[in-house]
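Each chain is listed here by its residues.
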Amino acid sequence: MRFNYLLLVIFFLAVISCNKDTNDEILYLNSFETSSDTAGWKGYCPAVFVDDTPENGGEKSVKLACGCIGPHVYFDIPSCDKDCYLIVNCQGKGAGVGGSVSLKNETGNISLGIDGEIHDWQFFQATDTLFCPAGEKLTMYLSAGGIASGTIYLDMLKVEKVGE
């Protein structure tokens, strides 16, 4: 009986150690399934929900089709509770001149470009990290087009802590 109890405790501890929760590393994640997912967005270009998603992307994504008047879309995301480094990534595709996704704070920014020639869903990730002091305001900027019109489709937009 003691042996069975000991095996049960060992099994329980093994399961707990294998299921490390990494959600503490995700600062922002959005798959754009409902209108509340874009609540608080500001800018000159409306985001439109579309029934076009990448694999594992849910039922909706967001489409941004803009021209030269900016900022196209921007919104604040939660800040870090302690100093950390951040990376931004998403699934995306484009049309026209495409666009970009940028994450900015008071001291710097990181961004990724989505080429208008990429018409199939693809994973994009910023090549740099952004240092974010604890409590510093973070703002996400989504842009499509510029001098010419452009379109980007986004899904599974994520900001992740990659170090402290």
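Sequence positions are assigned chain by chain, starting from 1 and proceeding in written order. With the structure being a predicted model, the display of local features is reserved for residues of pLDDT at least 70 and the display and counting of side-chain atom pairs for 80 or more, all residues being used for whole-chain, interface and lining totals. As a convention, hydrogens and water are excluded, and side-chain values are obtained from all of the structure's heavy atoms.

**Quick notes on the packing of aromatic side chains**
Step number 1: The criterion for an aromatic pair is that two Phe, Tyr or Trp rings (for Trp, the six-membered ring) have centres within 6.5 Å, with stacked assigned to planes under 30 degrees apart, edge-to-face to planes over 60 apart and tilted to the rest. By the definition in use, this model includes six aromatic pairs.
Step number 2: For the pair F32 and W41, a centre-to-centre distance of 5.8 Å together with 85 degrees between the ring planes defines the contact as edge-to-face.
Step number 3: Plain terms: the ring middles of Y85 and F131 are 5.1 Å apart, the flat faces sit at 55 degrees to each other, and that makes the pair tilted. On the criterion of sequence distance, the pair formed by Y85 in strand β5 (residues 84–96) and F131 in strand β9 (residues 130–132) is long-range, its members being 46 residues apart.
Step number 4: Exposed residues in this analysis have more than 50% of their type's maximum accessible area, buried residues have under 20%, and partly exposed residues fall in between, with area computed by a 1.4 Å probe over protein chains only. Residue Y85 is classed as partly exposed on the basis of its relative accessible area, which comes to 35%.
Step number 5: Members of the aromatic cluster, each reached through a chain of ring pairs, are Y28, F32, W41 and F75.
Step number 6: Placement of a positive charge over a ring is assigned whenever Lys NZ or Arg CZ falls within 6 Å of the ring centre and within 35 degrees of the normal to the ring plane. Between K93 and the ring centre of Y153, over which it is positioned, the NZ or CZ distance is 5.1 Å. Counting from the N terminus, the helices are DSSP H or I runs at least four residues long and the strands are E runs at least two residues long.

**Details of the nonpolar core**
Step number 1: Working definition of a nonpolar core: buried Ala, Val, Leu, Ile, Met, Phe, Trp, Tyr and Cys residues. They are joined through side-chain atoms within 4.5 Å. Formed by 35 residues in total, the largest nonpolar core has its most connected members in M140, L142 and L157.
Step number 2: Every residue in contact with L142, bar those within four places of it in the chain, is listed here: W41, L64, H72, V73, F75, S100, V101, L154 and L157. The contact rule is simple, with two residues in contact once any of their heavy atoms fall within 4.5 Å.

**Some remarks on unusual backbone geometry**
Step number 1: With phi around 65 degrees, N56 is a residue other than glycine that occupies positive phi space.
Step number 2: Relative to the helices and strands, N56 is located in the loop between β2 (47–50) and β3 (61–66).
Step number 3: A positive phi angle, near 50 degrees, is found at M156, a position not held by glycine.
Step number 4: Here M156 lies in strand β11 (residues 150–163).

**What about the environment of D128?**
Step number 1: In this fold, D128 is placed in the loop between β8 (122–125) and β9.
Step number 2: Once the C-alpha coordinates of D128 and I87 are considered, the two residues, 41 residues apart in sequence, prove to be 7.1 Å apart.
Step number 3: In this structure, D128 is in contact with L86, I87 and I110, ignoring residues within four places of it in sequence.

**A word on the sheet that holds strand β4 (residues 73–77)**
Step number 1: One open sheet accounts for four strands, arranged β4-β10-β6-β7; its pairing is antiparallel. With partners counted over all chains shown, the strands left at the sheet margins are β4 and β7 (109–114), one partner each. The sheet shows a mean angle of 15 degrees between the axes of neighbouring strands, direction not considered.
Step number 2: Across six bridges, strand β6 (residues 99–104) lies against strand β10 (residues 138–144) in antiparallel orientation. Across the sheet, residue S102 finds its bridge partner in β10, namely Y141. Two strands are said to pair when DSSP picks up at least two bridges between them. Axis lines are fitted through C-alpha atoms, for helices just across the contact stretch, and the angle between N-to-C directions can take any value from 0 to 180 degrees.

**Looking at the state of the cysteines**
Step number 1: Note on disulfides: each one is a pair of cysteine sulfur atoms within 2.5 Å. A complete count under the given rule lists two disulfides for this structure.
Step number 2: Sulfur-sulfur distance for the disulfide between C45 and C66 comes to 2.0 Å. An S-S torsion of about -100 degrees defines the bridge between C45 and C66 as left-handed. Of this pair, C45 sits in the loop between β1 (26–30) and β2 while C66 sits in strand β3, and the two are 21 residues apart along the sequence.

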